[in-house]
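Summary of the model geometry
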Amino acid sequence: MSDIHNNLAVANNSALQQARALDLPSRNEMLQRAPAVEQFWYSNRLLLERAWHQWDEQNTNLGQWVNESLISEPLRNAIALAWEDPNKEQEVANLWEEVLPGVYQAQLFDPAKLSLLRDYLSAAADAKIPLRPPYGIALNRNGGMLDKRSEGYLAAPSFQAFYKLIMDKYMRPISRMLFPESMGFDSQTFGFSIQYQDGMDTSLRPHTDASTATMNVNLNVPGETFKGSEVDFFNPKTGKVTRTVFAPGVAVLHRGSVPHAAQPITGGSRTNMVLWLYGERMQIPRGTLPTRKADANVRWTIPTVEKDDIAPF
Ligand SMILES: O=C(O)CCC(=O)C(=O)O
Ligand SMILES: [Fe+2]
């Protein structure tokens, strides 16, 4: 190894060691969102990114599986076809079932392959590199911020490549197709993972998301059961509540404006990944009038607008 390579390897390795040796803010400070907490993530940002790079290099046996082959085959094929010829997007639309107005469901990941993603995420949770949990939730062992805009995010390159693929190739064009008004309010990405467990994080009160579109994906593997933890969606027009229990690998794609809540979990655990799209400076579409769909060839594209660094939490 040349001196330069050797020095780089040493510098990277020390990043991993230094990150592991960091003193995390206390759980109480995290729950209270003390200024020291923000300072911790901000001042260690580069160190943590370097540590995650190093960790990824040491875990290629896990990271190599975190790619498009995890996507359920029918959706993967329909998406490939739509990118080739946007006029064939109906094949993609056909795979999404509308469960209530503005809420659709489909098989995103192949359940048989989900354990590959879970093994990678568990290893990341066990990497001893500080990973920032979503909200003020500091009990949440496996929850983590996923997008580069968030301090303390999961900066491992193999995960970031996968995340970008899901957002750019899948979530954005599908959202534009199902929610025409999202066009132009979808250049920015945001994401986090959650794990609900009895006695830990258990529920979420009714709320709307500050997103144009939200994709919520259940990452439980087949046979990994849980009790409770249903996600309720509210139809504001009719007052009707639709209670959903997502099967392994199923994604629910909804307008951020649809009110929803997670019921308490009473047994087992539920792991999911929540992905948001919104516009620059967190703009989301306003008003209730449905807009006309942009031409398919315009929708099946990736915005060239730069990512800003505004994060909702
Ligand atoms: O529990 C869920 O799956 C819903 C999560 C959610 O709505 C959120 O994090 O905003
Ligand atoms: Fe939500």
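Everything numeric here is computed off the predicted structure, so don't read it as measured data. Just so you know, the residues in each chain are numbered from 1, in the order the chain's sequence is written. Both sets of labels track the order of writing: A upward for chains, 1 upward for ligands. pLDDT decides what is reported in this predicted model: residues at 70 or higher carry local features, side-chain atom pairs at 80 or more are listed and counted, and totals for whole chains, interfaces and linings draw on all residues regardless. Excluded from the side-chain calculation are hydrogens and water; included are all heavy atoms of the structure.

Right, let's get into the coordination of the iron ion (ligand 2). Here the iron ion (ligand 2) is held by the protein donor atoms His-207 (NE2), Asp-209 (OD) and His-260 (NE2), which lie 2.1 to 2.2 Å from it. For Na, K and Ca the donor cutoff is 3.2 Å, while for all other metals N, O and S atoms must lie within 2.8 Å; water is not among the atoms, so some sites may look incomplete. Mapped onto the sequence, the donors of the iron ion (ligand 2) take the spacing H-x1-D-x50-H. Of the two residues, His-207 is situated in strand S5 (residues 204-207) and His-260 in strand S11 (residues 260-262); the sequence distance between them amounts to 53 residues. When a residue's accessible area, from a 1.4 Å probe over protein chains only, is under 20% of the maximum for its type it is buried; when over 50% it is exposed; and in between it is partly exposed. The exposure class assigned to His-260 is buried, which follows from its relative accessible area of 8%. Secondary structure counts use DSSP, requiring at least four H or I residues in a row for a helix and at least two E residues in a row for a strand, with both numbered from the N terminus.

Attention now goes to the nonpolar core. Residues belong to one nonpolar core when they are buried, are Ala, Val, Leu, Ile, Met, Phe, Trp, Tyr or Cys, and are joined through side-chain atoms within 4.5 Å. Core analysis: the largest hydrophobic core is formed by 73 residues, its most contacted members being Trp-55, Val-92, Trp-96, Phe-109 and Met-215. Ranked by the residues each element gives to this core, the list is headed by helix H9 (residues 157-178), at 10 residues. With residues near it in sequence (within four places) discarded, Trp-96 still touches Leu-75, Tyr-104, Gln-105, Ala-106, Ile-174, Leu-178, Met-215, Ala-251 and Leu-253. With 8 residues, the next largest nonpolar core counts Phe-246, Val-250, Val-252 and Val-258 among its residues. Residues count as neighbours in contact if any of their non-hydrogen atoms are within 4.5 Å of one another.

Our next topic: the pattern of salt bridges. Whenever a carboxyl oxygen of Asp or Glu lies within 4 Å of a side-chain nitrogen of Lys or Arg, that contact is scored as a salt bridge. The final tally for this structure, using the stated rule, is 14 salt bridges. The salt bridge partner of Asp-147 is Arg-149, with a shortest N-O separation of 3.5 Å. Each of the two residues, Asp-147 as well as Arg-149, counts as buried. With its nearest N and O atoms 2.5 Å apart, the salt bridge here joins Glu-181 to Arg-255.

These values are about where atoms sit, not about what they do.
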